[in-house]
Amino acid sequence: FRSLKQALGEELFTAFADDYLQVYPSESYTLGDLGGRFPQFLEETRPDRGLPAEQREDWPDFMIELARLEYDLLNIFEYKDINEYIYADNQTPDDQLYLTGNFHLYAFRFPVNQYFQAVQRGDNPPLPHAQQSFLAITRKNYQLGMFNLNPGQYHFLQFLKQHPMPIQQALTGFAKDKSVEEIKLTELWNTWRLKWLKNGFFCKK
């Protein structure tokens, strides 16, 4: 939780970590599982937990989202997938494209990935204000890829993830579900497709 430690400050982070280990001590042979409940613990111990949502402060939400991202990144990287994917390329027909099994989508209330990336670069970014953000994470050839998305991209990929189907059917279904023009969505898909194929979003059927 390197980024979370920087966001909270070392003293406060250490206090949270000590309290967490008292409540959720290690139950596994590997320390990789030790932080699995840390986001949950931060939610359970937030100082304004008893208040209505509209009266709560923002900063605990950011810390919880950041903790969730950092722990999930570890799991995504170490996930042992029994499937062997053949990644699609630009020559793969649309009707053979399917999202890989190790493809993950996130919708955050804060620009969590931007903060995380800044810390990874060695910067000392200020705590961000609430601003909705969307993120896709892939693992290809044991390398993680993290890609910021706009709302339209996120919702289309979410639809495709929830309803695995050939791309053309997904475009038709999504356009109908969201009341958007299919021809405009298809134009966007042709733009999105190049980048997403390059970055390992899709495998061949």
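You'll find the structure just up there.
Since this is a predicted model, take the numbers as computed values, not measurements. (Residues numbered from 1 in each chain as written. Predicted model: local features only at pLDDT ≥ 70, side-chain atom pairs only at ≥ 80, totals over all residues. Heavy atoms only, no water.)

**Some details on the overall build of the chain**
Across its full length, the chain carries 8 helices and 5 strands. Reading the chain from its N terminus to its C terminus gives the helix and strand order α-α-α-α-β-β-α-β-β-α-α-α-β. Summarising its shape, the C-alpha atoms of the chain cover approximately 55 × 40 × 30 Å along the three principal directions. Among the 205 residues that make up the chain, the fraction classed as buried is 39%. Sequence-distant contacts in the chain: of pairs separated by 6 or more residues, those separated by 24 or more amount to 64%. When the accessible area of the chain is evaluated, it comes to approximately 12100 Å², of which 50% is carbon and sulfur surface. If you average the places of the 21 positive and of the 27 negative side-chain charges in the chain, the two averages end up 7 Å apart. (Helix = DSSP H or I, 4+ residues; strand = E, 2+ residues; numbered from the N terminus. Buried < 20%, exposed > 50% of the residue type's maximum accessible area, 1.4 Å probe, protein only. Contact = heavy atoms within 4.5 Å. Areas by Shrake-Rupley, 256 points an atom, 1.4 Å probe, with all protein chains shown as cover. Lys, Arg positive; Asp, Glu negative; His and termini not counted. Charge placed at Lys NZ, Arg CZ, Asp CG, Glu CD.)

**Considerations on the sheet that holds strand E4 (residues 143-149)**
Spatially, the 3 strands line up as an open sheet ordered E2-E3-E4, and their pairing is antiparallel. The sheet terminates laterally at strand E2 (104-108) and E4, the two strands that pair on one side only. Looking at each pair of strands side by side, their axes are set apart by 20° on average, direction ignored. Strand direction decides the pairing type here: E2 and strand E3 (residues 133-140), joined by 5 bridges, are antiparallel. In the sheet register, tyrosine 106 faces E3, and the bridge partner there is leucine 135. Sheet strands in contact with helix H5 (residues 112-120) are E2, E3 and E4, and its direction is about 135° off that of E4. (Pairing = 2+ DSSP bridges. Axes fitted to C-alpha atoms, helices over the stretch in contact; angles between N-to-C directions.)

**A closer look at helix H8 (residues 182-198)**
With 17 residues, H8 ought to run about 24 Å at 1.5 Å a step, and its terminal C-alpha atoms sit 24 Å apart, in line with that. Every buried residue of H8 is listed here: Leu185, Trp189, Trp192, Arg193, Trp196 and Leu197. Packing partners of the buried residues in H8 comprise strand E1 (97-99), E3, E4, helix H6 (151-162), helix H7 (167-178) and strand E5 (202-204). Of the residues flanking the end of H8, it is glycine 200, one or two places downstream, whose phi is positive at about 80°. (Expected span 1.5 Å × (residues − 1).)

**Points about the environment of threonine 172**
For threonine 172, the location among the structural elements is in helix H7. Accessibility expressed as a relative area gives 36% for threonine 172, which makes it partly exposed. Each C-alpha atom of the pair threonine 172 and leucine 185 lies 8.9 Å from the other, and the pair is 13 residues apart in sequence. Within the structure, the side chain of threonine 172 is placed 2.8 Å from the side chain of glutamate 182, a separation counted as a polar contact. (Polar contact = N/O pair within 3.5 Å; in protein donor to acceptor, adjacent residues only side chain to side chain.)

**A few points about the packing of H6 against H8**
In the contact formed by H6 and H8, the axes pass within 12 Å of each other and the chain directions differ by 75°. Taken together, the axes of H6 and H8 lie roughly perpendicular to each other. On H8, the residues touching Gly152, Gln153, Phe156 and Leu157 of H6 are Trp189, Trp192 and Trp196. Residues belonging to the contact of H6 with H8 are distributed by class as follows: 5 nonpolar, 2 polar and no charged. (Parallel < 35°, antiparallel > 145°, perpendicular 65-115°, else oblique. Nonpolar A, V, L, I, M, F, W, Y, C, P; charged D, E, K, R; others polar.)

**What to know about the pairing of E3**
Counting buried positions over the 8 residues of E3 gives 7, a clear majority of the element. Where E3 folds back on E4, the antiparallel hairpin that results is connected by 2 residues, among which asparagine 141 adopts a positive phi of roughly 55°.

**Notes on the packing of aromatic side chains**
Counted by the stated rule, this structure contains 20 aromatic pairs. An angle of 85° between the planes, with centres 5.2 Å apart, marks the rings of phenylalanine 62 and tyrosine 115 as edge-to-face. Of the two residues, phenylalanine 62 is situated in helix H4 (residues 59-78) and tyrosine 115 in helix H5; the sequence distance between them amounts to 53 residues. A ring pair is formed by tryptophan 189 and phenylalanine 202, whose centres lie 5.8 Å apart and whose planes are at 90°; its orientation type is edge-to-face. In this pair, tryptophan 189 is assigned in helix H8 and phenylalanine 202 in strand E5, connecting sequence segments 13 residues apart. Neither residue differs from the other here; tryptophan 189 and phenylalanine 202 are each classed as buried. Here the aromatic cluster, defined as three or more aromatic residues joined through ring pairs, consists of Phe103, Phe147, Phe156, Phe159, Phe174, Trp189, Trp192, Trp196, Phe201 and Phe202. Across from the ring centre of tyrosine 87, 5.2 Å away, lies the NZ or CZ of lysine 140, which sits over that ring. (Phe/Tyr/Trp six-rings, centres within 6.5 Å; stacked < 30°, edge-to-face > 60°. Lys NZ or Arg CZ within 6 Å of the ring centre and 35° of its normal.)

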